[in-house]
Amino acid sequence: MLFVARMDVVFPESMTDETKADFQVKEKAYSADLQERGIMKGIWRIVGEYSNISMYEVDDLDFLHATFQGFPMFAYMNVKVTPLAKHPNATTDDFFRQL
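Identification of the protein chain as muconolactone Delta-isomerase from Brevibacterium sandarakinum is taken from an unreviewed UniProt entry.

Caption draft 1: Inspection of the side chain of Ser51 at higher detail. Topologically, Ser51 is positioned in strand β3 (residues 51–57). For Ser51, a relative accessible area of 10% gives the class buried. The contacts of Ser51, once residues within four sequence positions are left out, are Arg6, Met7, Asp8, Arg45 and Ile46.

Caption draft 2: Examining helix α1 (residues 17–36) more closely. Along its 20 residues, α1 runs 29 Å from first to last C-alpha, staying within 8% of the 28 Å computed at 1.5 Å per residue. The set of residues buried in α1 consists of Phe23, Glu27, Ser31 and Leu34. The arc that holds the buried residues of α1, viewed along the axis, is 70°, so those residues lie on one side. Structural note: α1 exposes Glu18, Val25, Lys28 and Glu36 on the side pointing more than 90 degrees away from its buried face. Here the buried face of α1 lies against β2 (40–45), β3, α2 (61–69) and β4 (77–84). In the stretch just after α1, Gly38 is the one whose phi turns positive, near 80°.

Conventions adopted
Residues numbered from 1 in each chain as written. Predicted model: local features only at pLDDT ≥ 70, side-chain atom pairs only at ≥ 80, totals over all residues. Heavy atoms only, no water. Helix = DSSP H or I, 4+ residues; strand = E, 2+ residues; numbered from the N terminus. Buried < 20%, exposed > 50% of the residue type's maximum accessible area, 1.4 Å probe, protein only. Contact = heavy atoms within 4.5 Å. Expected span 1.5 Å × (residues − 1). Arc of directions from axis to C-beta.

The structure is reproduced here in structure tokens:
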């Protein structure tokens, strides 16, 4: 199953820059692991915001939820998940080969 997720990060104003930087290092490593394992198919920055759009391919919703909970910044994220299905007008079967 294919999903796209929008993740908006909102840190508390009281969080130190050092703590934020530590979260960013851990987040980068976790994201890289998901990409290497083929769970996260891509990630794109939303210009001008502390947000991203990322694409996931998983077999079940519980696994997807657990994947999101594994993000070090999960407690500071607002996540909106949208399931995707192939459109009948799609001209290719493998979108990712084009990237």
